[in-house]
Amino acid sequence: MFSQVRMPSTSSVLSAYSTFVASAMLVKTMLHEVQTMAKQLVPQQLQDKILSGIGRLLGDPSSQMTLVIDEFNGYTMNQIFEASQIYLQTKISPEVSRLRVSRSPREKNLLVTIYKGEKVIEVFEGIQLKWELVSITEKQLPMGGDKPERRSLELSFLKKNMEKVLSSYLPYVVERSEMIKEENKVVKLYFLGNPHGGAVGGGAWGSINLDHPSTFETLAMDLKLKEDLIKDLDRFVRRRKFYKRVGKTWKRGYLLHGPPGTGKTSLIAAMANYLKFDIYDLELTSLQRNSQFRNLLVSTKNRSIIVIEDIDCSTTLQDRQAGRNNQTTTQLTLSGLLNFIDGLWSSCGDERIIVLTTNHKDRLDPALLRPGRMDMHIHMSYCTPYGFKTLASNYLGVSNHRLFTEIERLITEVEVTPAEIAEELMKSEEADVALEGLVEFLKAKIAENKSNGEAKEVDEQGTERRDVVESEKVVETKRQKIGSRELEISDYMPCSYSFSVEENQSCLL
C-alpha cells in the first residue's frame, strides 16, 4: 500500500560530505592563490573597480552610499558644492559626453564644468568615488521670470568607506579647490537680480567680472591717507584670531565722503583689486523690507566688500524714533541698516568689509557714523598737488614738467576735482598741449569763481538794502498808527526795535 524509498547508507553520506569539503577546500585554496596573484599583478584601483562592478551586477544596493550636496544651504551658498564644482574641473575625463563651457569678457581661460546628468569617476586612496550633477527645474515663481533650477552634486561610494570620505576626501576637495581659486582668482562684481533665475551663480545675486583697472598706485588721493588705508586693510585681513579672541565680528566699516568726482568709486575698486575681494553692490531702492536686507546679507560670501553708494539719497530710511506714525512706502528702517552693519546679523560671515559713500556726511544719522559701524572715515578731498602729479603720470607718462610749478600753485587757489583734471589731461596725448590746456582751465575756473563771488556779494548787499528799506517802511507805518504807548515790534523786523511814542514825538531806542 505504501511505497518504500531506499535510504542511502551512512557510509555513502559521509563519503559525499568528505568529497564536498575537499572540493570546497580546493576552491578556497585556488581563490586564495588567484587573489594573491591578482594583488601582485593587478593595481589596487582596478581591483576596486572590478569588485564594485561585481557588487552592482549582483544587485547589492545596500553596499552603496550616496551623499547629496545641494547648491544652497538655505539662503547661503553651500561651500562644499562650490568647492566640489571647482575641484571637478580638473577631473573631467574623455568618458564625459556633455560639458558646460563659458568664458567671461577679458578672461583668458575657458571655464569647463560637467553638465547635468553627467558622471565623473575618480579613485582616492584606493576608494572609488562617483560624482553626478543633478538638476531639477522647479515650478515658475508667482512673481514671474525664469524658472529657477535647483542643482546638487551626488557623491556615491561603498558604505564601508564613509568615514574616510568624510574625514579625508571631502576636506582634501575643499583644500584643493581653495588652491585652484587662488591660482585663477578673478574679482567679481555682484548685483541684485540673477538673470539666470538661479541656474548659474545662484540666489538673488547675479555677477560679472570686475574689470575696473583702478589700483592704489593710480589713485589721485593724499599720499598719507593712502598709506594709512593700506596699513589698515593689511592689519584687518591678518587678524582673524585677534577678532575671535576679543569677541568681535571679523568685519570692518569704511565711510567715504566728499564732493562728486573725487574718486570714491575708484577707491572701492582699488580696495577690491588689492585684497582680491568680491564686491556686492547693494541697491537700497530695490528693497522694501528689513527681511529682504537680511536675506541678501546672509547670501553674500566671505572675503567680500559690501557697498552702499550714496547712502544719504539712495532711499528714505524710517527713523528709529518715528514708529508707526512715519508713513512711507518702504518698511526698510534705520534700525534694520544698523543691525546689518553691527548687529546680530552682521556675524553671518567672516572677513567682510562694509563701505558706505556719501557726498554729504552731515546728512547722515550720527548712529551710522560711530566706531564699530564706520570704523574709518575717509575724506575724498579736492585735488592736491600730489594728486595732480599722480594723474599726470597716469595719463601723460610724465613725472616732471616746466608747467608743474604753475599748475600746483593754481590748484591750491581753486577747488577742482580729480575727475575735472583727468578730463583736461585726456584732451591730448602730447604733454605740452594737455598741460597748457589745464593751465587755461584752472585760470578760467579761478576767474569764474571770483566773478561769481563778486556777484554774490553784490546780491547780498542788494538784499540787505531791500531789508533796510522794508524795515523803515514798517517803522513809519507803526509810528503813524501808534499813539501814546510803547510797542515791541520785533515780530515785524529782522532786528528787535523798541519804540516809545509820545504825541507828535518819537524816539528810537
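This one's a predicted model, so the numbers in the text were calculated from it and none came from an experiment. (Residues numbered from 1 in each chain as written. Predicted model: local features only at pLDDT ≥ 70, side-chain atom pairs only at ≥ 80, totals over all residues. Heavy atoms only, no water.)

1. Considerations on the overall build of the protein
Item 1. For the protein, the count of helices and strands is 14 helices and 18 strands.
Item 2. Relative to all contacts within the protein whose residues are 6 or more apart in sequence, the contacts with residues 24 or more apart total 65%.
Item 3. Summed over its atoms, the accessible surface of the protein is roughly 31400 Å², and 52% of this surface lies on carbon and sulfur atoms. (Helix = DSSP H or I, 4+ residues; strand = E, 2+ residues; numbered from the N terminus. Contact = heavy atoms within 4.5 Å. Areas by Shrake-Rupley, 256 points an atom, 1.4 Å probe, with all protein chains shown as cover.)

2. Overview of helix H12 (residues 404-413)
Item 1. For H12, the complete set of buried residues consists of Phe 404, Ile 407, Leu 410 and Ile 411. For H12, the angular spread of buried residues about the axis comes to 130°, placing them on one side. Of the exposed residues in H12, those oriented more than 90 degrees away from the buried face are Thr 405 and Thr 412. (Buried < 20%, exposed > 50% of the residue type's maximum accessible area, 1.4 Å probe, protein only. Arc of directions from axis to C-beta.)

3. Some points on the sheet that holds strand E9 (residues 188-192)
Item 1. Within the open sheet, the seven strands sit side by side as E10-E9-E12-E13-E14-E11-E15. Their pairing is mixed. The open sheet has two free edges, formed respectively by strand E10 (205-209) and strand E15 (376-379), since each of these has just one partner strand. This sheet shows a mean twist of 25° between the axes of neighbouring strands, independent of strand direction.
Item 2. When E9 meets E10, the two strands line up antiparallel, connected through five bridges. The partner of Leu 192 across the bridge, within E10, is Trp 205.
Item 3. Contacting strand E11 (251-257), strand E12 (278-281), strand E13 (304-308), strand E14 (352-358) and E15, helix H7 (residues 264-275) crosses the sheet at an angle of about 170° to E14. (Pairing = 2+ DSSP bridges. Axes fitted to C-alpha atoms, helices over the stretch in contact; angles between N-to-C directions.)

4. Observations regarding helix H9 (residues 334-342)
Item 1. Those residues of H9 not exposed but buried are Leu 334, Gly 336, Leu 337, Leu 338, Phe 340 and Ile 341.
Item 2. Close packing links the buried residues of H9 with E11, helix H8 (290-298), E13, E14 and helix H10 (366-369).

5. Focus: the nonpolar core
Within soluble globular proteins, side chains that are nonpolar tend to cluster in buried spots.
Item 1. Tyr 254, Leu 267, Met 271, Ile 305, Ile 353, Val 355 and Ile 378 are the most contacted members of the largest nonpolar core, which totals 28 residues.
Item 2. Those elements giving two or more residues to this core turn out to be helix H5 (223-237), E11, H7, E13, E14 and E15.
Item 3. Counting residues per element, this core draws most heavily on H7, which supplies six residues.
Item 4. Ignoring anything within four residues of it in the chain, the contact list for Leu 267 reads Phe 216, Leu 219, Met 221, Leu 229, Leu 256, Ile 378 and Met 380.
Item 5. Of all hydrophobic cores here, the second largest spans 26 residues; its members include Leu 282, Leu 287, Phe 340 and Ile 341. (Core = buried A, V, L, I, M, F, W, Y, C linked by side-chain atoms within 4.5 Å.)

6. Focus on the environment of Gly 206
Item 1. Within the element layout of this structure, Gly 206 appears in strand E10.
Item 2. The exposure class of Gly 206 is buried, given its relative accessible area of 3%.
Item 3. Through-space distance from the C-alpha of Gly 206 to that of Tyr 190 is 5.6 Å; in sequence the pair is 16 residues apart.

7. Considerations on the pairing of strand E6 (residues 119-124)
Item 1. Only one face of E6 is buried, namely the one carrying Val 120, Glu 122 and Phe 124, since none of Lys 119, Ile 121 and Val 123 on the opposite face is buried.
Item 2. Counting the residues that bridge the hairpin from E6 to strand E7 (residues 127-137) gives two residues, and of these Glu 125 lies at a positive phi of roughly 50°.

8. Some details on the packing of aromatic side chains
Item 1. Counted under the stated rule, the structure contains twelve aromatic pairs.
Item 2. An angle of 45° between the planes, with centres 6.2 Å apart, marks the rings of Trp 131 and Tyr 169 as tilted. Of this pair, Trp 131 sits in strand E7 while Tyr 169 sits in helix H4 (residues 162-183), and the two are 38 residues apart along the sequence.
Item 3. Since its relative accessible area comes to 0%, Trp 131 is described here as buried.
Item 4. For the pair Phe 388 and Phe 404, a centre-to-centre distance of 5.0 Å together with 75° between the ring planes defines the contact as edge-to-face. In this pair, Phe 388 sits in helix H11 (residues 385-396) while Phe 404 sits in helix H12, placing the two residues 16 residues apart along the sequence. (Phe/Tyr/Trp six-rings, centres within 6.5 Å; stacked < 30°, edge-to-face > 60°.)

9. Focus: the confidence of the model for the protein
Item 1. Averaged over the protein, the pLDDT score is 78; the fraction of residues at 70 or greater is 70%.
Item 2. Mean pLDDT values for the elements of the protein range from 38 in strand E18 (residues 505-508) up to 95 in H7.
Item 3. Note on residues 141-145: pLDDT under 50 across the span, and two contacts to partners over four residues away in sequence or across chains.
Item 4. Segment residues 320-326 is flagged for pLDDT under 50; beyond a separation of four residues in sequence, or across chains, it makes eight contacts in the model. (pLDDT = per-residue confidence, 0-100.)

10. With respect to unusual backbone geometry
Item 1. A positive phi angle, near 60°, is found at Lys 276, a position not held by glycine.
Item 2. By the secondary structure assignment, Lys 276 is in the loop between H7 and E12.
Item 3. We note that Asp 310 has phi near 50°; this positive angle belongs to a residue other than glycine.
Item 4. For Asp 310, the position within the fold is in the loop between E13 and H9.

11. Section: the sheet that holds E7
Item 1. Pairing in this open sheet of four strands is antiparallel, and the strands run E1-E8-E7-E6 from one edge to the other. Edge strands, defined here as strands with exactly one partner in the open sheet, are strand E1 (64-70) and E6. On average, each strand axis in the sheet is tilted by 25° relative to the strand beside it, whichever way the strands run.
Item 2. Bridge count for E7 against strand E8 (residues 149-158) is eight bridges, and the pairing is antiparallel. Its bridge partner lying in E8, Lys 130 is registered against Ser 156.
Item 3. Each of E1, E6, E7 and E8 touches helix H3 (residues 79-88); the most contacted strand, E8, lies at about 70° to it.
Item 4. Where H4 meets the sheet, its contacts fall on E1, E6, E7 and E8, and the angle it forms with E8 comes to roughly 125°.

12. Observations concerning the pattern of salt bridges
Item 1. If you walk through the whole model with that rule in mind, you get 19 salt bridges.
Item 2. Between Glu 406 and Lys 443 there is a salt bridge whose closest N-O contact spans 3.4 Å. Residue Glu 406 is found in helix H12, and its partner Lys 443 is found in helix H14 (residues 431-481); the two are separated by 37 residues along the sequence.
Item 3. Take Glu 406: its relative accessible area is 25%, and that puts it in the partly exposed class.
Item 4. Taking relative accessible area as the criterion, Lys 443 reaches 38% and is therefore assigned partly exposed. (Salt bridge = Lys/Arg side-chain N within 4 Å of Asp/Glu carboxyl O.)

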